Amino acid sequence: GRPGQGPAPAGPPRRFSPATLAYGTAALVVVVVILIVVLVSGGGGKSQSPGPAVTPASPSVLQAITGVSQGQANTVGVPSGLNAPKTATGQPALTSGGKPEALYIGAEFCPYCGAERWALIMAFSRFGTFSGLKETTSSPYDSPPAVATFTFANAHYTSNLVDFTMVENESNDTSGLGTRHVLQPLTKAQQDLWTKYSAQFGLQSTGFPFVDFGNKVFVLGPTYNPQVLLGLDQGQIAQKLSNPSDPVTQAVVGAANYVTAAICDLTGNQPSSVCSASGTTAAAKQIGLS
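Residues numbered from 1 in each chain as written. Predicted model: local features only at pLDDT ≥ 70, side-chain atom pairs only at ≥ 80, totals over all residues. Heavy atoms only, no water.

### Topic: the confidence of the model for the chain
- Summary statistics for the chain give a mean pLDDT of 88 and a share of 83% for residues scoring 70 or more.
- The low-confidence segment residues 1-13 (pLDDT under 50) makes 26 contacts with residues lying over four places distant or belonging to another chain. (pLDDT = per-residue confidence, 0-100. Contact = heavy atoms within 4.5 Å.)

### Side note on the pairing of strand E9 (residues 163-170)
- A large share of E9 lies buried, amounting to eight of its eight residues.
- Relative to E9, strand E4 (residues 99-107) runs parallel, the two sharing seven bridges. Bridge pairing in E9 places Ile105 opposite Val167. (Buried < 20%, exposed > 50% of the residue type's maximum accessible area, 1.4 Å probe, protein only. Helix = DSSP H or I, 4+ residues; strand = E, 2+ residues; numbered from the N terminus. Pairing = 2+ DSSP bridges.)

### A word on the nonpolar core
- Membership of the largest hydrophobic core comes to 74 residues, with the highest contact counts inside it found for Trp118, Phe124, Phe130, Phe152, Phe164, Phe213 and Tyr224.
- Counting residues per element, this core draws most heavily on helix H7 (residues 247-267), at 13 residues.
- Apart from the residues lying within four places of it in its own chain, the contact partners of Phe213 are Glu101, Ala102, Phe124, Phe218, Val219, Val259, Ala262, Ile263 and Leu266. (Core = buried A, V, L, I, M, F, W, Y, C linked by side-chain atoms within 4.5 Å.)

### What to know about the environment of Ser245
- The residue Ser245 is located in the loop between helix H6 (234-240) and H7 in this model.
- The spacing of Ser245 and Thr75 is 170 residues in sequence and 8.7 Å in space, taken between C-alpha atoms.

### Quick word on the packing of aromatic side chains
- All chains considered together, the criterion is met by 15 aromatic pairs.
- Between Phe130 and Tyr157, the ring centres sit 4.9 Å apart and the planes meet at 55°, which makes this aromatic pair tilted. Residue Phe130 is found in strand E5 (residues 129-131), and its partner Tyr157 is found in strand E8 (residues 156-158); the two are separated by 27 residues along the sequence. Just as Phe130 is buried, Tyr157 falls in that class too.
- Ring geometry for Phe201 and Phe218: centres 5.3 Å apart, planes at 55°, overall tilted. With a gap of 17 residues between them, Phe201 in the loop between helix H5 (188-200) and strand E10 (210-213) and Phe218 in strand E11 (residues 217-220) connect regions that are remote in the sequence. (Phe/Tyr/Trp six-rings, centres within 6.5 Å; stacked < 30°, edge-to-face > 60°.)

This is the structure in structure tokens:
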């Protein structure tokens, strides 16, 4: 089902259902956590909170994300338990400004988007530079609740190799599940891509997150289980990224290797230092790009 429609317009489901994921979830633990969140927030929906805080991203956190060495990425490789991106052939190229384009469609409330942004920031930072990133959490009323993350709303990305279009389609929940609104409307072309490729890969409807790499590689839903980030803030997650054997690092860096391989497929395998690295080539092979 689609819990908590709220004032958001009818149409796409607010995020992928856990039933669509390949990994298992400890349902009882999730229920207990949700009950705790509801009790703490004063009954779930009655709170007048303006929603999760949005603050400028910590330079030290961003340094930890972008500072994961290629050697560490190679060590992590492609861990088991991750959902590999899908591929399509014979599609018209997706470009912007003369460069191959990647399109992200997500939402601030969405816990699965919250997890995916860590990997997207890490991978795209290997090809260009972000500015204007802000820290926040996913909805405290969703499941899993309050995943530490970032928002791409009003952020920018600069690269001479690839264009990254970031759309946070819906806002965060403000005072209960479903208390959100359209934040950044989709263009007709973006909506058409989202609808077309969701259907092409057998999904009953569109869902967050959706990432289209040049109409060639697609992330449809989360690459890893956001439960691994539960209870950690941005600083704590960042500190773990220096340890390749940590479950957080395995998830985030493993997902970033998949994203990196998808980007390399668009850039003609440039830069070679990134695209020829073993972590990237292992991910490319797993996706079916090589």
